[in-house]
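Examining the three-dimensional arrangement
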Amino acid sequence: MRLIVYIFLISQSLNFLGVFAEKVKEDSSEINNIIWEKVEENKSKPLKKIIWKFYKGEENYFKNANEEGSSINQLEGGKNALREPLIWRNRSLRFSFEEIDMPDEGENMGLYSIGAYNLFNPWMYGGITLFGAARGRRGGFFTGGYTLGIERKLTENWSLDTGGYVGAGGGGSAAQGGGLMIRPHIGLKYDFSWSTVGLNYTYVDFPNGDISSDAIALSLEFPFSSPIFNLEDDELTVANHFGSEYRNVSSHRSHLAVRTRAYSPSSGSRTTSGGPLDESLGLVGVEYSYFLDENWFATFETAGAVSGGVGGYAELLAGLGYRIPLTKSDRLALLPALTIGGAGGGAVETGGGFVARANIGLEYRLSPDLSLITDGGYLTAPDGNFDTPYFGLNLTHVMKTFAQDQKGAPLTRKDRIETTKWRFRPAHQWYFNAQRRDTLSRDMQLLGGKIDWMKGDWWYLTGQGLSAYAGGAGGYSEGHWGVGVFSPKWMNWKIYGEMLIGAGGGGGVDSGNALLYKPSVGLEYILNNDFSFQTGIGKVISNDGNLDANTLDASLVWRFRTSK
(Lines give C-alpha, C1' and ligand atoms only; values in the text may rest on other atoms or scores of the structure.)
Protein backbone atom coordinates (compact mmCIF):
# COMPACT_ATOMS: atom_id res chain seq x y z
CA MET A 1 0.00 0.00 0.00
CA ARG A 2 2.81 2.40 0.90
CA LEU A 3 4.59 1.85 -2.40
CA ILE A 4 1.38 2.22 -4.44
CA VAL A 5 0.56 5.55 -2.79
CA TYR A 6 4.06 6.94 -3.37
CA ILE A 7 4.14 5.87 -7.02
CA PHE A 8 0.67 7.30 -7.68
CA LEU A 9 1.45 10.69 -6.16
CA ILE A 10 4.81 10.99 -7.89
CA SER A 11 3.30 10.10 -11.27
CA GLN A 12 0.49 12.60 -10.77
CA SER A 13 2.96 15.32 -9.78
CA LEU A 14 5.04 14.72 -12.89
CA ASN A 15 1.92 14.75 -15.02
CA PHE A 16 0.79 18.07 -13.54
CA LEU A 17 4.24 19.55 -14.03
CA GLY A 18 4.10 18.70 -17.72
CA VAL A 19 0.56 19.93 -18.23
CA PHE A 20 1.13 23.22 -16.47
CA ALA A 21 4.55 24.00 -17.85
CA GLU A 22 3.06 25.28 -21.10
CA LYS A 23 0.30 27.12 -19.24
CA VAL A 24 2.76 28.94 -17.00
CA LYS A 25 4.85 29.80 -20.01
CA GLU A 26 1.79 31.32 -21.69
CA ASP A 27 0.64 33.08 -18.52
CA SER A 28 4.06 34.55 -17.83
CA SER A 29 4.06 36.22 -21.22
CA GLU A 30 0.92 38.12 -20.22
CA ILE A 31 1.86 39.13 -16.69
CA ASN A 32 3.63 42.43 -16.18
CA ASN A 33 4.71 42.50 -19.84
CA ILE A 34 3.96 45.19 -22.38
CA ILE A 35 2.69 43.78 -25.66
CA TRP A 36 3.50 45.54 -28.90
CA GLU A 37 1.88 45.44 -32.31
CA LYS A 38 3.44 46.49 -35.57
CA VAL A 39 1.47 49.02 -37.60
CA GLU A 40 1.81 48.79 -41.36
CA GLU A 41 3.03 51.89 -43.13
CA ASN A 42 0.44 54.08 -44.72
CA LYS A 43 1.19 53.99 -48.45
CA SER A 44 -0.24 57.43 -49.02
CA LYS A 45 1.76 58.92 -46.18
CA PRO A 46 5.09 57.13 -45.99
CA LEU A 47 6.65 56.85 -42.54
CA LYS A 48 10.37 57.14 -42.00
CA LYS A 49 10.27 54.80 -38.96
CA ILE A 50 8.26 51.84 -37.80
CA ILE A 51 5.57 52.96 -35.41
CA TRP A 52 4.61 50.76 -32.46
CA LYS A 53 1.49 51.09 -30.40
CA PHE A 54 0.07 49.56 -27.23
CA TYR A 55 -2.92 47.29 -27.18
CA LYS A 56 -5.08 45.51 -24.60
CA GLY A 57 -5.11 48.66 -22.53
CA GLU A 58 -1.42 48.52 -21.64
CA GLU A 59 -1.08 52.26 -22.22
CA ASN A 60 -2.82 52.84 -18.88
CA TYR A 61 0.24 51.57 -17.06
CA PHE A 62 2.50 54.17 -18.66
CA LYS A 63 -0.09 56.86 -18.21
CA ASN A 64 -0.52 56.19 -14.51
CA ALA A 65 3.14 55.62 -13.87
CA ASN A 66 4.18 58.79 -15.65
CA GLU A 67 1.54 60.89 -13.94
CA GLU A 68 2.39 59.46 -10.53
CA GLY A 69 6.14 59.65 -11.06
CA SER A 70 5.94 63.20 -12.38
CA SER A 71 3.97 64.50 -9.43
CA ILE A 72 6.17 62.66 -6.96
CA ASN A 73 9.39 63.98 -8.43
CA GLN A 74 8.06 67.52 -8.51
CA LEU A 75 7.07 67.31 -4.85
CA GLU A 76 9.83 65.14 -3.43
CA GLY A 77 12.62 64.62 -5.96
CA GLY A 78 11.86 60.87 -5.80
CA LYS A 79 14.34 58.20 -6.79
CA ASN A 80 12.35 56.49 -9.52
CA ALA A 81 9.94 58.40 -11.71
CA LEU A 82 9.00 55.21 -13.54
CA ARG A 83 8.99 51.83 -11.79
CA GLU A 84 7.88 48.46 -12.98
CA PRO A 85 4.58 47.29 -11.46
CA LEU A 86 4.97 46.17 -7.86
CA ILE A 87 5.08 42.39 -7.45
CA TRP A 88 2.92 40.99 -4.65
CA ARG A 89 3.87 37.56 -3.41
CA ASN A 90 0.83 35.34 -2.74
CA ARG A 91 1.04 33.20 0.39
CA SER A 92 -1.25 31.08 2.52
CA LEU A 93 -1.60 29.83 6.09
CA ARG A 94 -3.02 26.31 6.41
CA PHE A 95 -4.36 24.39 9.42
CA SER A 96 -5.27 20.71 9.24
CA PHE A 97 -6.37 17.78 11.40
CA GLU A 98 -6.34 14.04 10.81
CA GLU A 99 -6.42 10.86 12.87
CA ILE A 100 -3.91 8.07 12.21
CA ASP A 101 -3.67 4.48 13.41
CA MET A 102 -0.81 3.65 15.75
CA PRO A 103 1.05 0.31 15.99
CA ASP A 104 -0.70 -0.71 19.23
CA GLU A 105 -4.03 -2.42 18.61
CA GLY A 106 -6.94 0.03 18.78
CA GLU A 107 -4.79 3.13 19.38
CA ASN A 108 -5.28 6.31 17.34
CA MET A 109 -3.47 9.64 17.41
CA GLY A 110 -4.95 12.95 16.33
CA LEU A 111 -2.49 15.13 14.41
CA TYR A 112 -2.90 18.86 13.82
CA SER A 113 -0.68 20.96 11.60
CA ILE A 114 0.23 24.59 10.98
CA GLY A 115 1.76 25.41 7.59
CA ALA A 116 2.96 28.65 5.99
CA TYR A 117 3.31 28.40 2.21
CA ASN A 118 4.59 30.53 -0.63
CA LEU A 119 2.97 30.34 -4.09
CA PHE A 120 5.91 30.05 -6.47
CA ASN A 121 3.59 30.32 -9.49
CA PRO A 122 -0.14 29.75 -10.20
CA TRP A 123 0.17 25.98 -9.72
CA MET A 124 3.00 25.23 -7.29
CA TYR A 125 3.42 26.09 -3.60
CA GLY A 126 5.86 25.18 -0.85
CA GLY A 127 6.89 26.08 2.65
CA ILE A 128 7.22 25.01 6.27
CA THR A 129 4.82 22.67 8.10
CA LEU A 130 4.70 21.72 11.79
CA PHE A 131 2.72 18.73 13.10
CA GLY A 132 1.75 17.96 16.69
CA ALA A 133 -0.35 15.45 18.63
CA ALA A 134 -3.66 16.76 19.97
CA ARG A 135 -5.63 13.59 20.67
CA GLY A 136 -4.86 10.12 22.01
CA ARG A 137 -2.07 9.44 24.51
CA ARG A 138 1.04 10.73 22.73
CA GLY A 139 1.25 14.27 24.07
CA GLY A 140 4.63 15.75 23.16
CA PHE A 141 4.72 14.23 19.68
CA PHE A 142 5.95 16.91 17.22
CA THR A 143 7.54 16.99 13.78
CA GLY A 144 8.68 19.84 11.56
CA GLY A 145 9.71 19.96 7.93
CA TYR A 146 8.97 21.12 4.41
CA THR A 147 5.97 20.72 2.09
CA LEU A 148 5.85 20.99 -1.71
CA GLY A 149 2.49 20.86 -3.49
CA ILE A 150 0.74 21.30 -6.82
CA GLU A 151 -2.76 22.65 -7.42
CA ARG A 152 -4.92 22.27 -10.50
CA LYS A 153 -8.05 24.39 -10.88
CA LEU A 154 -11.05 22.27 -11.88
CA THR A 155 -13.80 24.91 -11.77
CA GLU A 156 -14.14 28.47 -10.54
CA ASN A 157 -14.14 27.29 -6.91
CA TRP A 158 -12.91 23.70 -6.93
CA SER A 159 -9.28 22.64 -7.28
CA LEU A 160 -7.23 19.46 -7.04
CA ASP A 161 -4.37 19.54 -4.53
CA THR A 162 -1.51 17.03 -4.37
CA GLY A 163 1.86 17.17 -2.69
CA GLY A 164 4.14 15.80 -0.04
CA TYR A 165 5.80 16.60 3.29
CA VAL A 166 9.23 15.51 4.51
CA GLY A 167 10.18 16.26 8.08
CA ALA A 168 11.64 15.01 11.32
CA GLY A 169 10.60 14.62 14.93
CA GLY A 170 8.58 12.36 17.19
CA GLY A 171 8.16 12.06 20.95
CA GLY A 172 5.40 10.98 23.29
CA SER A 173 7.03 7.52 23.48
CA ALA A 174 5.71 6.84 19.96
CA ALA A 175 7.28 4.25 17.63
CA GLN A 176 8.80 6.85 15.29
CA GLY A 177 12.17 5.10 14.94
CA GLY A 178 14.83 7.55 13.83
CA GLY A 179 12.23 10.31 13.40
CA LEU A 180 11.96 10.70 9.61
CA MET A 181 8.34 11.42 8.57
CA ILE A 182 6.92 11.33 5.02
CA ARG A 183 3.36 12.42 4.31
CA PRO A 184 2.03 12.55 0.72
CA HIS A 185 -1.50 13.88 0.19
CA ILE A 186 -4.10 14.26 -2.55
CA GLY A 187 -7.54 15.85 -2.33
CA LEU A 188 -10.00 18.58 -3.24
CA LYS A 189 -10.28 22.18 -2.08
CA TYR A 190 -13.20 24.61 -2.26
CA ASP A 191 -12.46 28.33 -2.40
CA PHE A 192 -14.75 30.66 -0.42
CA SER A 193 -12.56 33.67 -1.42
CA TRP A 194 -11.80 34.57 2.23
CA SER A 195 -10.65 31.00 2.98
CA THR A 196 -10.34 27.57 1.42
CA VAL A 197 -11.61 24.27 2.87
CA GLY A 198 -9.90 21.05 1.83
CA LEU A 199 -10.49 17.32 2.18
CA ASN A 200 -7.42 15.14 1.59
CA TYR A 201 -6.39 11.52 1.55
CA THR A 202 -3.02 11.32 3.34
CA TYR A 203 -0.47 8.65 4.13
CA VAL A 204 1.70 9.19 7.21
CA ASP A 205 4.82 7.05 7.21
CA PHE A 206 7.92 6.80 9.41
CA PRO A 207 10.18 4.68 7.16
CA ASN A 208 12.60 3.69 9.94
CA GLY A 209 9.86 3.34 12.59
CA ASP A 210 6.61 1.41 13.03
CA ILE A 211 4.08 4.19 12.33
CA SER A 212 2.42 3.76 8.93
CA SER A 213 -1.19 4.80 8.37
CA ASP A 214 -3.51 6.38 5.84
CA ALA A 215 -6.02 9.01 6.97
CA ILE A 216 -8.55 11.61 5.89
CA ALA A 217 -7.45 15.16 6.67
CA LEU A 218 -9.62 18.26 6.90
CA SER A 219 -7.84 21.55 6.20
CA LEU A 220 -8.64 25.26 6.47
CA GLU A 221 -6.50 27.71 4.51
CA PHE A 222 -6.28 31.51 4.63
CA PRO A 223 -4.70 33.39 1.71
CA PHE A 224 -2.71 36.59 2.14
CA SER A 225 -0.16 38.57 0.18
CA SER A 226 2.90 40.67 0.90
CA PRO A 227 5.07 42.85 -1.33
CA ILE A 228 8.51 41.84 -2.55
CA PHE A 229 11.26 44.31 -1.71
CA ASN A 230 14.45 44.55 -3.73
CA LEU A 231 17.87 45.41 -2.36
CA GLU A 232 17.58 49.01 -3.58
CA ASP A 233 14.10 49.60 -2.14
CA ASP A 234 15.17 50.99 1.25
CA GLU A 235 14.07 54.56 2.07
CA LEU A 236 11.64 54.89 -0.86
CA THR A 237 8.43 56.82 -0.35
CA VAL A 238 5.13 54.95 -0.33
CA ALA A 239 4.06 56.69 -3.54
CA ASN A 240 7.31 55.85 -5.32
CA HIS A 241 7.13 52.21 -4.32
CA PHE A 242 3.42 51.45 -4.68
CA GLY A 243 2.61 54.03 -7.36
CA SER A 244 -1.06 54.92 -7.71
CA GLU A 245 -1.97 51.67 -5.91
CA TYR A 246 -0.86 53.04 -2.53
CA ARG A 247 -4.45 54.15 -1.82
CA ASN A 248 -5.48 50.48 -1.83
CA VAL A 249 -2.72 49.42 0.58
CA SER A 250 -2.65 49.71 4.37
CA SER A 251 -0.01 49.17 7.02
CA HIS A 252 -0.35 46.26 9.45
CA ARG A 253 1.71 45.77 12.58
CA SER A 254 3.51 42.49 13.22
CA HIS A 255 6.02 41.54 15.87
CA LEU A 256 8.61 38.88 16.63
CA ALA A 257 9.35 38.14 20.27
CA VAL A 258 11.94 36.22 22.27
CA ARG A 259 10.02 34.71 25.19
CA THR A 260 10.90 33.38 28.65
CA ARG A 261 8.33 31.67 30.87
CA ALA A 262 8.11 30.47 34.45
CA TYR A 263 5.52 27.71 35.11
CA SER A 264 4.30 26.77 38.60
CA PRO A 265 2.33 23.51 38.08
CA SER A 266 -0.77 23.04 40.21
CA SER A 267 -0.87 20.34 42.89
CA GLY A 268 -2.80 17.96 40.61
CA SER A 269 -0.16 17.99 37.85
CA ARG A 270 1.56 14.67 37.20
CA THR A 271 4.38 13.07 35.28
CA THR A 272 3.69 10.29 32.78
CA SER A 273 4.73 7.78 35.46
CA GLY A 274 2.07 9.12 37.84
CA GLY A 275 4.40 11.03 40.17
CA PRO A 276 3.78 14.63 41.27
CA LEU A 277 5.07 17.45 39.09
CA ASP A 278 5.98 19.91 41.81
CA GLU A 279 9.05 21.70 40.45
CA SER A 280 8.85 25.08 38.73
CA LEU A 281 9.58 24.91 35.01
CA GLY A 282 11.55 27.40 32.93
CA LEU A 283 10.88 27.76 29.19
CA VAL A 284 12.33 29.80 26.34
CA GLY A 285 10.75 30.27 22.94
CA VAL A 286 9.73 32.50 20.08
CA GLU A 287 6.41 34.09 19.11
CA TYR A 288 5.19 35.81 15.95
CA SER A 289 2.01 37.90 15.82
CA TYR A 290 0.35 39.48 12.79
CA PHE A 291 -2.32 42.16 13.19
CA LEU A 292 -5.43 41.49 11.11
CA ASP A 293 -6.50 45.11 11.60
CA GLU A 294 -5.41 47.83 14.00
CA ASN A 295 -6.41 45.79 17.09
CA TRP A 296 -7.04 42.10 16.37
CA PHE A 297 -4.01 39.87 15.88
CA ALA A 298 -3.22 36.22 15.16
CA THR A 299 -0.37 34.73 17.18
CA PHE A 300 1.88 31.68 16.74
CA GLU A 301 4.48 30.46 19.20
CA THR A 302 6.73 27.60 20.17
CA ALA A 303 8.72 27.04 23.36
CA GLY A 304 10.79 24.38 25.12
CA ALA A 305 11.81 23.66 28.71
CA VAL A 306 15.32 24.57 29.89
CA SER A 307 14.89 23.89 33.62
CA GLY A 308 12.70 21.91 36.01
CA GLY A 309 13.83 18.38 35.17
CA VAL A 310 11.51 18.03 32.14
CA GLY A 311 14.02 18.18 29.28
CA GLY A 312 12.10 17.50 26.06
CA TYR A 313 8.90 19.31 27.07
CA ALA A 314 7.74 21.56 24.19
CA GLU A 315 4.72 23.59 23.03
CA LEU A 316 3.31 24.64 19.66
CA LEU A 317 0.39 27.08 19.98
CA ALA A 318 -1.75 29.41 17.86
CA GLY A 319 -4.57 31.80 18.72
CA LEU A 320 -6.16 35.23 18.62
CA GLY A 321 -5.63 38.36 20.67
CA TYR A 322 -6.76 41.98 20.91
CA ARG A 323 -4.52 44.98 21.58
CA ILE A 324 -6.00 47.76 23.76
CA PRO A 325 -3.96 51.01 23.85
CA LEU A 326 -3.94 52.61 27.31
CA THR A 327 -2.32 55.96 26.45
CA LYS A 328 -2.68 58.44 23.61
CA SER A 329 0.99 58.04 22.78
CA ASP A 330 0.42 54.27 22.42
CA ARG A 331 3.30 53.69 24.84
CA LEU A 332 1.25 51.31 27.02
CA ALA A 333 -1.21 48.64 25.89
CA LEU A 334 -3.00 45.53 27.12
CA LEU A 335 -2.92 42.34 25.03
CA PRO A 336 -5.43 39.66 26.12
CA ALA A 337 -5.26 36.45 24.05
CA LEU A 338 -6.59 32.90 23.79
CA THR A 339 -4.43 30.15 22.27
CA ILE A 340 -4.70 26.41 21.68
CA GLY A 341 -2.32 23.78 20.37
CA GLY A 342 -0.16 20.86 21.42
CA ALA A 343 2.25 20.35 24.31
CA GLY A 344 4.07 17.52 26.02
CA GLY A 345 7.26 15.54 26.28
CA GLY A 346 9.76 15.54 29.13
CA ALA A 347 7.47 13.11 31.03
CA VAL A 348 4.83 15.83 31.55
CA GLU A 349 1.36 14.23 31.54
CA THR A 350 -0.55 16.22 28.91
CA GLY A 351 -2.63 13.23 27.76
CA GLY A 352 -3.17 13.43 24.00
CA GLY A 353 -1.25 16.71 23.89
CA PHE A 354 -4.07 19.24 23.42
CA VAL A 355 -3.69 22.36 25.59
CA ALA A 356 -5.55 25.65 25.91
CA ARG A 357 -4.30 28.90 27.40
CA ALA A 358 -5.72 32.26 28.40
CA ASN A 359 -3.35 35.13 29.11
CA ILE A 360 -3.04 38.90 29.23
CA GLY A 361 0.05 40.96 28.49
CA LEU A 362 1.15 44.50 29.31
CA GLU A 363 3.23 46.14 26.58
CA TYR A 364 5.63 49.05 27.08
CA ARG A 365 7.06 50.60 23.88
CA LEU A 366 10.75 51.23 24.43
CA SER A 367 11.06 52.65 20.90
CA PRO A 368 9.05 52.56 17.66
CA ASP A 369 10.48 49.13 16.83
CA LEU A 370 11.15 47.62 20.26
CA SER A 371 8.73 46.66 23.06
CA LEU A 372 8.89 44.90 26.40
CA ILE A 373 5.85 42.73 27.17
CA THR A 374 5.16 41.11 30.53
CA ASP A 375 2.35 38.58 30.52
CA GLY A 376 0.64 36.08 32.77
CA GLY A 377 -1.99 33.44 32.29
CA TYR A 378 -3.14 29.88 32.82
CA LEU A 379 -2.49 26.80 30.69
CA THR A 380 -4.41 23.53 30.96
CA ALA A 381 -4.32 20.09 29.31
CA PRO A 382 -8.03 19.02 29.42
CA ASP A 383 -7.42 15.29 28.88
CA GLY A 384 -4.18 15.11 30.87
CA ASN A 385 -2.92 16.01 34.34
CA PHE A 386 -1.15 19.29 33.74
CA ASP A 387 -2.40 22.72 34.79
CA THR A 388 -0.26 25.71 35.51
CA PRO A 389 -0.34 29.46 36.00
CA TYR A 390 2.62 31.24 34.48
CA PHE A 391 4.51 34.51 34.26
CA GLY A 392 6.40 35.57 31.15
CA LEU A 393 8.79 38.24 29.90
CA ASN A 394 9.06 39.03 26.17
CA LEU A 395 11.49 41.23 24.23
CA THR A 396 9.63 42.18 21.06
CA HIS A 397 10.74 43.56 17.71
CA VAL A 398 7.86 45.53 16.17
CA MET A 399 7.62 45.60 12.37
CA LYS A 400 5.41 47.23 9.75
CA THR A 401 3.92 45.06 7.02
CA PHE A 402 1.76 46.01 4.03
CA ALA A 403 -1.41 44.38 2.74
CA GLN A 404 -3.79 44.96 -0.17
CA ASP A 405 -6.68 46.04 2.05
CA GLN A 406 -7.97 48.93 4.13
CA LYS A 407 -8.03 47.08 7.48
CA GLY A 408 -4.76 48.48 8.77
CA ALA A 409 -3.46 52.02 9.19
CA PRO A 410 -3.88 54.17 6.05
CA LEU A 411 -0.81 55.29 4.13
CA THR A 412 0.18 58.73 2.91
CA ARG A 413 2.22 59.15 -0.24
CA LYS A 414 5.18 60.73 1.58
CA ASP A 415 5.56 57.93 4.16
CA ARG A 416 9.01 56.38 3.97
CA ILE A 417 9.47 52.63 3.55
CA GLU A 418 12.33 51.14 5.56
CA THR A 419 13.34 47.54 5.02
CA THR A 420 15.13 44.88 7.05
CA LYS A 421 17.50 42.23 5.72
CA TRP A 422 16.74 38.61 6.57
CA ARG A 423 18.06 35.18 5.70
CA PHE A 424 16.34 31.79 5.82
CA ARG A 425 18.51 28.67 5.91
CA PRO A 426 17.10 25.15 5.40
CA ALA A 427 19.66 23.07 7.28
CA HIS A 428 20.98 19.54 7.67
CA GLN A 429 23.29 18.63 10.56
CA TRP A 430 25.30 15.62 11.67
CA TYR A 431 26.09 14.95 15.36
CA PHE A 432 29.03 12.57 15.78
CA ASN A 433 29.04 10.16 18.73
CA ALA A 434 26.13 11.90 20.43
CA GLN A 435 25.82 10.62 24.00
CA ARG A 436 22.66 8.66 24.91
CA ARG A 437 21.10 7.95 28.28
CA ASP A 438 20.78 4.19 28.12
CA THR A 439 22.92 3.12 25.16
CA LEU A 440 26.32 3.75 23.67
CA SER A 441 27.03 7.00 21.83
CA ARG A 442 25.85 7.06 18.22
CA ASP A 443 25.93 9.40 15.26
CA MET A 444 22.63 11.14 14.50
CA GLN A 445 21.26 13.34 11.71
CA LEU A 446 18.96 16.35 12.06
CA LEU A 447 16.78 18.40 9.72
CA GLY A 448 15.57 21.95 10.38
CA GLY A 449 15.67 25.64 9.57
CA LYS A 450 17.31 28.89 10.65
CA ILE A 451 16.07 32.48 10.42
CA ASP A 452 18.60 35.32 10.63
CA TRP A 453 17.96 38.99 11.30
CA MET A 454 20.82 40.83 9.63
CA LYS A 455 21.73 43.70 11.92
CA GLY A 456 24.79 45.08 10.14
CA ASP A 457 27.47 44.44 7.56
CA TRP A 458 29.20 41.88 9.78
CA TRP A 459 26.77 40.47 12.39
CA TYR A 460 23.27 39.02 12.80
CA LEU A 461 20.84 37.55 15.33
CA THR A 462 19.58 34.03 14.64
CA GLY A 463 16.88 31.60 15.71
CA GLN A 464 17.19 27.92 14.83
CA GLY A 465 15.17 24.73 15.22
CA LEU A 466 16.13 21.14 14.33
CA SER A 467 14.81 17.60 14.87
CA ALA A 468 16.46 14.20 14.52
CA TYR A 469 15.42 11.99 11.62
CA ALA A 470 18.07 9.25 11.72
CA GLY A 471 20.46 7.68 14.21
CA GLY A 472 17.95 6.13 16.60
CA ALA A 473 17.07 9.47 18.23
CA GLY A 474 13.51 9.98 16.97
CA GLY A 475 11.77 12.55 19.16
CA TYR A 476 14.88 14.62 19.80
CA SER A 477 14.33 18.31 18.97
CA GLU A 478 16.09 21.54 19.84
CA GLY A 479 15.62 25.29 19.49
CA HIS A 480 18.26 28.01 19.84
CA TRP A 481 18.80 31.74 19.87
CA GLY A 482 22.17 33.32 19.25
CA VAL A 483 24.45 35.72 17.45
CA GLY A 484 26.61 35.30 14.37
CA VAL A 485 29.40 37.21 12.65
CA PHE A 486 30.82 37.01 9.15
CA SER A 487 33.84 38.36 7.29
CA PRO A 488 33.97 40.59 4.19
CA LYS A 489 33.56 38.76 0.87
CA TRP A 490 36.69 37.44 -0.82
CA MET A 491 36.18 35.90 -4.29
CA ASN A 492 32.59 34.89 -3.41
CA TRP A 493 33.69 33.34 -0.09
CA LYS A 494 32.97 34.40 3.48
CA ILE A 495 33.94 33.04 6.89
CA TYR A 496 31.24 32.95 9.59
CA GLY A 497 30.96 32.07 13.26
CA GLU A 498 27.99 31.56 15.61
CA MET A 499 27.33 31.18 19.33
CA LEU A 500 23.94 29.73 20.29
CA ILE A 501 22.11 28.94 23.50
CA GLY A 502 18.83 27.05 23.74
CA ALA A 503 16.97 23.90 24.69
CA GLY A 504 17.00 20.35 23.39
CA GLY A 505 15.79 16.96 24.51
CA GLY A 506 14.01 13.70 23.80
CA GLY A 507 14.93 10.65 21.76
CA GLY A 508 17.08 9.19 24.54
CA VAL A 509 19.79 11.83 24.01
CA ASP A 510 21.59 12.71 27.26
CA SER A 511 20.89 16.46 27.23
CA GLY A 512 20.20 16.74 30.97
CA ASN A 513 17.71 19.46 31.82
CA ALA A 514 17.84 20.53 28.13
CA LEU A 515 19.98 23.70 28.35
CA LEU A 516 22.46 23.57 25.45
CA TYR A 517 25.35 25.64 24.09
CA LYS A 518 26.30 25.44 20.42
CA PRO A 519 29.37 27.25 18.97
CA SER A 520 30.34 26.83 15.29
CA VAL A 521 32.50 28.24 12.48
CA GLY A 522 32.27 27.73 8.75
CA LEU A 523 32.51 28.89 5.14
CA GLU A 524 29.87 30.46 2.91
CA TYR A 525 30.01 30.42 -0.89
CA ILE A 526 27.88 33.10 -2.60
CA LEU A 527 26.00 31.69 -5.59
CA ASN A 528 24.21 34.93 -6.60
CA ASN A 529 22.51 37.96 -5.02
CA ASP A 530 19.82 35.80 -3.39
CA PHE A 531 21.40 32.44 -2.57
CA SER A 532 24.50 30.99 -0.91
CA PHE A 533 25.70 27.65 0.36
CA GLN A 534 27.21 27.19 3.84
CA THR A 535 29.07 24.41 5.56
CA GLY A 536 30.48 24.52 9.07
CA ILE A 537 31.79 22.55 12.05
CA GLY A 538 31.07 23.02 15.72
CA LYS A 539 30.04 21.52 19.05
CA VAL A 540 26.78 20.87 20.90
CA ILE A 541 27.27 20.86 24.68
CA SER A 542 24.72 20.14 27.41
CA ASN A 543 24.86 22.33 30.52
CA ASP A 544 24.29 19.49 32.99
CA GLY A 545 24.01 16.36 30.84
CA ASN A 546 26.65 14.27 29.11
CA LEU A 547 25.92 15.43 25.57
CA ASP A 548 29.17 16.80 24.11
CA ALA A 549 29.37 16.06 20.39
CA ASN A 550 31.11 17.41 17.32
CA THR A 551 28.77 18.74 14.60
CA LEU A 552 28.84 19.23 10.83
CA ASP A 553 26.34 21.54 9.13
CA ALA A 554 25.22 22.10 5.53
CA SER A 555 22.74 24.88 4.75
CA LEU A 556 21.24 26.66 1.77
CA VAL A 557 21.00 30.43 2.38
CA TRP A 558 18.16 32.56 0.96
CA ARG A 559 18.46 36.35 1.41
CA PHE A 560 15.39 38.60 1.30
CA ARG A 561 13.99 41.88 2.62
CA THR A 562 10.82 42.77 4.51
CA SER A 563 9.39 46.09 5.60
CA LYS A 564 10.75 47.32 8.91
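Predicted model, so just to flag it, every value in this text is computed and none were measured. (Residues numbered from 1 in each chain as written. Predicted model: local features only at pLDDT ≥ 70, side-chain atom pairs only at ≥ 80, totals over all residues. Heavy atoms only, no water.)

Turning our attention to the layout of surface pockets. Estimated volume of the second largest pocket: approximately 600 Å³. When grouped by side-chain class, the residues that make up the lining of the second largest pocket number 10 nonpolar, 5 polar and 12 charged. (1 Å grid on protein atoms, 1.4 Å probe; cavity = no way out; pocket = protein on both sides within 12 Å on 5 of 7 lines; lining within 4 Å. Points joined across faces, edges and corners; volume = space filled by probe spheres on them. Nonpolar A, V, L, I, M, F, W, Y, C, P; charged D, E, K, R; others polar.)

Moving on to the pairing of strand β23 (residues 419-434). Pairing between β23 and strand β30 (residues 548-563): 12 bridges, direction antiparallel. Residue pairing across strands places T420 opposite T562, the latter belonging to β30. Across 12 bridges, the pairing between β23 and strand β24 (residues 442-454) is antiparallel. Across the sheet, the residue bridging to F424 is I451, located in β24. (Pairing = 2+ DSSP bridges. Helix = DSSP H or I, 4+ residues; strand = E, 2+ residues; numbered from the N terminus.)

It is worth spelling out the side chain of E221 at this point. Along the chain, E221 turns up in strand β10 (residues 212-227). There is a polar contact of 3.0 Å between the side chain of E221 and the side chain of S92. Excluding residues that lie within four positions of it along the chain, E221 makes contacts with S92, L93, R94, E151, K189, S195 and T196. (Polar contact = N/O pair within 3.5 Å; in protein donor to acceptor, adjacent residues only side chain to side chain. Contact = heavy atoms within 4.5 Å.)

Turning our attention to the pattern of salt bridges. One pass over the structure, following the stated rule, counts 27 salt bridges. Two residues, E301 and R357, come together in a salt bridge whose shortest N-O distance is 2.8 Å. With E301 in strand β14 (residues 296-307) and R357 in strand β18 (residues 354-367), this residue pair connects regions lying 56 residues apart in the sequence. Neither E301 nor R357 differs from the other in exposure class; each is buried. Put simply, D548 and K539 hold a salt bridge, and the shortest N to O gap is 2.8 Å. A relative accessible area of 29% places K539 in the partly exposed class. (Salt bridge = Lys/Arg side-chain N within 4 Å of Asp/Glu carboxyl O. Buried < 20%, exposed > 50% of the residue type's maximum accessible area, 1.4 Å probe, protein only.)

On to the confidence of the model for the protein, then. Per-residue confidence for the protein gives a mean pLDDT of 85, with 84% of residues at or over 70. For residues 1-85, every residue scores under 50 in pLDDT, and the model assigns this stretch 99 contacts once sequence neighbours within four places are set aside. (pLDDT = per-residue confidence, 0-100.)

With that settled, the discussion passes to the packing of aromatic side chains. Each pair of aromatic rings is reported with the distance of its centres and the angle of its planes. Tallied over the entire structure, the rule returns 20 aromatic pairs. Aromatic pair F95 and F222: ring centres 6.4 Å apart, planes at 75°, arrangement edge-to-face. Here F95 is found in strand β3 (residues 88-101), whereas its partner F222 is found in strand β10, with 127 residues between them in sequence. The partly exposed category is assigned to F95, whose relative accessible area is 27%. Here W458 and W459 contribute two aromatic rings whose centre-to-centre distance is 6.3 Å and whose plane-to-plane angle is 45°, an arrangement assigned as tilted. (Phe/Tyr/Trp six-rings, centres within 6.5 Å; stacked < 30°, edge-to-face > 60°.)

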